[in-house]
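Chain and residue survey
The residues making up each chain are set out below.
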Amino acid sequence: MKLFEKAPAKINLTLDVIGKRDDGYHEIEMIMTTIDLADRISFEEIEGNQIILESNSGIVPNDERNLVYKSAKLIKSKFNIDKGVKIYLEKNIPVAAGLAGGSSDAAATLRGLNRLWKLGLSEKELMELGEEIGSDVPFCVVGGTALATGRGEKIQKITSVPSGWVILAKLPIGVSTSVIYNALKLDEIKEHPKTEQMIKAIEDQDFSMMTKLLSNVLENVTFSLYPQVKQLYKQMKQFSGEGVLMSGSGPTVYALVNMESRKNRIYNALRGFCKEVYAVRLLR
Ligand SMILES: C[C@@](CO)(OP(=O)(O)O)[C@H](O)COP(=O)(O)OP(=O)(O)OC[C@H]1O[C@@H](n2ccc(N)nc2=O)[C@H](O)[C@@H]1O
Ligand SMILES: Nc1ncnc2c1ncn2[C@@H]1O[C@H](COP(=O)(O)OP(=O)(O)O)[C@@H](O)[C@H]1O
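Along every chain, residues carry numbers that run from 1 in the direction the sequence is written. Here chains are named by letter from A upward and ligands by number from 1 upward, in the order in which they appear as written. In keeping with the predicted nature of the model, local features appear solely for residues at pLDDT of at least 70, side-chain atom pairs appear and are counted solely at 80 or more, and the whole-chain, interface and lining totals rest on all residues. As a convention, hydrogens and water are excluded, and side-chain values are obtained from all of the structure's heavy atoms.

**Describing the site of ligand 1**
As a reminder, the rule being used: Note on terminology: near, applied to a residue and a molecule or strand, indicates that one of the residue's heavy atoms is within 4 Å of it. Counting of polar contacts relies on pairs of N or O atoms within 3.5 Å, with two restrictions inside protein: one atom must be capable of donating a hydrogen and the other of accepting it, and residues adjacent in sequence are counted only when both atoms are side-chain atoms. Only the protein chains shown count as cover for residues, with accessible areas throughout obtained via the Shrake-Rupley method and a probe of 1.4 Å. For helices the rule is a DSSP run of H or I covering at least 4 residues; for strands it is a run of E covering at least 2, with both sets numbered from the N terminus onward. All residues other than Ala, Val, Leu, Ile, Met, Phe, Trp, Tyr, Cys, Pro, Asp, Glu, Lys and Arg, Gly among them, are scored as polar; the first ten of these are nonpolar and the last four charged.
The full set close to ligand 1 counts 22 residues, and H26, S135, R151, Y181 and S249 are the nearest of them. The contact in question runs from an oxygen atom of ligand 1 to an N or O atom on the side chain of K10, over 3.0 Å. Between S249 and ligand 1, the recorded distance is 2.7 Å, taken from a side-chain N or O atom to an oxygen atom. Protein contact buries 84% of the 700 Å² of open area that ligand 1 shows by itself. Taken together, the elements giving at least two residues each to the shell around ligand 1 come down to β1 (2-20), β2 (26-46) and α5 (177-183). Split into classes, the residues belonging to the shell around ligand 1 amount to eight nonpolar, 11 polar and three charged.

Below is the structure:
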């Protein structure tokens with residue numbers, strides 16, 4: 001048997017850091033939503049007992065360091081699965097970009113192998129397994145739009161965002177999430193996101209208010225370590241006006257718009273000076 005899973009990227013609509021914890025993680029509060037930029041993963045039963053991972057990516061390794069491999073190994077050992085699987089990862093989401101590509105691949109692997117091996121695990125059980133792989137994985141198990149708290153693993157679903165477009169621009173640099181969290185100085189955060197107001201704007205399907213409330217406290221940290229990202233952000237603000245934000249720990253910067261003509265204009269303007277630009281829909 002062979003089956004397929006789609007692994008969509010996410011963007012942060014808000015990202016707030018509330019404190020530093022004793023376990024090295026930060027206590028955070030953020031709203032994330034999935035977008036129509038996705039990796040695709042296939043799972044095929046094979047003879048024997050091995051996990052074989054192949055991919056079109058020249059960047060991520062096909063061994064135990066890959067979150068797909070890690071997730072397959074985790075689920076296999078937890079449930080004593082004495083079967084082999086061949087996994088093919090079609091990588092479309094930029095790597096180390098603040099879009100949770102790796103976490104989404106991990107979540108899709110848990111979902112896919114739950115189906116392939118007929119384990120009957122609930123969404124909640126898959127999310128708990130995902131927590132062992134990374135903070136963003138539980139969100140990626142469910143997708144949609146959600147508030148994430150704790151270190152990011154506690155998920156509360158909220159109403160789907162209204163329909164809209166995201167134009168994403170990524171400079172050719174990868175940003176390490178832990179480097180950004182480590183460089184963050186909590187007492188230097190000037191303005192915290194208005195998370196409750198953002199939830200209300202989403203519930204009211206008030207697109208214009210959503211664009212006004214976009215906020216990410218990691219932005220200034222990444223901007224100071226990578227001034228070229230700040231430059232890109234400024235350019236995008238010039239093209240788009242409101243509704244521009246860095247996603248996660250960066251470096252991807254996006255513009256949120258609800259009119260196709262504006263989407264096309266911003267996309268074409270950006271392609272002039274940034275090689276990697278995507279225009280995709282918000283997933284609902
Ligand atoms: C910033 C965010 C926002 O969605 O995403 P990305 O930029 O990675 O997409 C997340 O908080 C990233 O989640 P994820 O990438 O799953 O992080 P993990 O693998 O669990 O942790 C990587 C490292 O980031 C730091 N970390 C992560 C989460 C958190 N709440 N506090 C932290 O301090 C820790 O140093 C940890 O060792
Ligand atoms: N399947 C995968 N896809 C992307 N990155 C992966 C994967 N497996 C492991 N990684 C590693 O995870 C790190 C973070 O990747 P990614 O999830 O793309 O970024 P981010 O956390 O910024 O959203 C990268 O350094 C990459 O080498």
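**Considerations on the packing of aromatic side chains**
Note the cut-off: Aromatic rings from Phe, Tyr and Trp, taking only the six-membered ring of Trp, are treated as a pair when their centres fall within 6.5 Å; an angle between ring planes under 30 degrees marks them as stacked, one over 60 as edge-to-face, and anything in between as tilted. A simple rule labels every residue: compare its accessible area, found with a 1.4 Å probe on the protein chains alone, to the largest value its type can have, and call it buried under 20%, exposed over 50%, or partly exposed in between. Comment: the charge-over-ring label is applied if NZ (Lys) or CZ (Arg) is within 6 Å of the ring centre and within 35 degrees of the ring normal.
Throughout the structure, instances matching the rule amount to two aromatic pairs. Residues F223 and Y233 carry aromatic rings whose centres are separated by 5.2 Å and whose planes lie at 50 degrees to one another, so their mutual orientation is tilted. Here the residue F223 occupies a position in helix α8 (residues 219-225), and Y233 occupies one in helix α9 (residues 227-240), the gap between them amounting to 10 residues. According to the relative accessible area criterion, F223 is buried, its value standing at 6%. Ring centres of F239 and F273 lie 6.0 Å apart, and the angle between their planes is 40 degrees; on these two criteria the pair is classed as tilted. One end of the pair, F239, is in helix α9; the other, F273, is in the loop between α10 (260-271) and β11 (276-281), with 34 residues separating them in the sequence. Exposure remark for F239: the relative accessible area of 25% places this residue in the partly exposed category. In this structure, R151 packs its charged tip against the face of Y25, placed 4.8 Å from the ring centre.

**Things to note about the site of ligand 2**
In the region of ligand 2, 17 residues are neighbours, and L67, A96, G98, A100 and G102 sit closest. Measuring from a nitrogen atom of ligand 2, one finds a side-chain N or O atom of K91 at 3.0 Å. When the free accessible area of ligand 2 is taken as 540 Å², the share hidden by the protein chains comes to 77%. A total of four residues in the shell around ligand 2 trace back to one element, the largest contributor, which is helix α2 (residues 101-116). Its residues assigned to classes, the shell around ligand 2 comprises eight nonpolar, six polar and three charged.

**With respect to the UniProt feature "domain: GHMP kinase N-terminal" (unreviewed entry) in the protein chain**
This is how the line gets drawn: UniProt positions are given in the numbering used here, feature names are shortened, and annotations may be inferred rather than shown by experiment.
Within this structure's numbering, the places UniProt gives as "domain: GHMP kinase N-terminal" (unreviewed entry) are residues 66-144. Taken as a whole, residues 66-144 contains 54% helix and 9% strand, while its terminal C-alpha atoms sit 24 Å from one another.

**As for the packing of helix α1 (residues 67-78) against α2**
The test is simple: Only the stretch in contact is used when a helix axis is fitted, and all axes are lines through C-alpha atoms; the angle between N-to-C directions ranges over 0 to 180 degrees. In this scheme the crossing of two helices becomes right-handed for a clockwise turn of the near helix relative to the far one and left-handed for an anticlockwise turn of less than a right angle. Working rule for contacts: check all heavy atoms of both residues, and any pair within 4.5 Å makes them a contact.
Relative to each other, α1 and α2 sit at 35 degrees, their axes nearing to 8 Å. Handedness of the α1/α2 crossing: right-handed. On the side of α1, the interface is formed by L67, V68, S71, A72 and I75, while α2 contributes G102, S103, D105, A106, T109, L110, L113 and N114. A breakdown of the residues in the contact of α1 with α2 according to their chemical character gives seven nonpolar, five polar and one charged.

**Some points on the pattern of salt bridges**
Two side chains bearing opposite charge may form a pair once their charged atoms approach each other closely. Put simply, the rule reads: Here, a salt bridge means any side-chain nitrogen of Lys or Arg that lies within 4 Å of a carboxyl oxygen of Asp or Glu.
In this structure the tally under the stated criterion is 15 salt bridges. One salt bridge in this structure joins E276 and K170, with 3.9 Å as the shortest N-O distance. Pair noted here: E276 is in strand β11 and K170 is in strand β7 (residues 165-170), with a separation of 106 residues, a long-range link. Through salt bridges with shared partners, a single ionic network connects E5, R111 and R115.

**Some remarks on α2**
Going by this rule: Under the convention used throughout, the expected extent of a helix is 1.5 Å for every residue step, that is, one less than its residue count.
The terminal C-alpha atoms of α2, which comprises 16 residues, lie 22 Å apart, in line with the 22 Å expected from a rise of 1.5 Å per residue. Counting buried positions along α2 yields 14 of 16 residues, so the element is predominantly enclosed. Immediately beyond the C-terminal end of α2, within one or two residues, lies K118, with a positive phi of roughly 45 degrees.

**Observations regarding the UniProt feature "domain: GHMP kinase C-terminal" (unreviewed entry) in the protein chain**
As recorded in UniProt, the sites labelled "domain: GHMP kinase C-terminal" (unreviewed entry) are residues 198-275. Regarding residues 198-275, the helix share stands at 59% and the strand share at 13%, and the terminal C-alpha atoms are separated by 31 Å.

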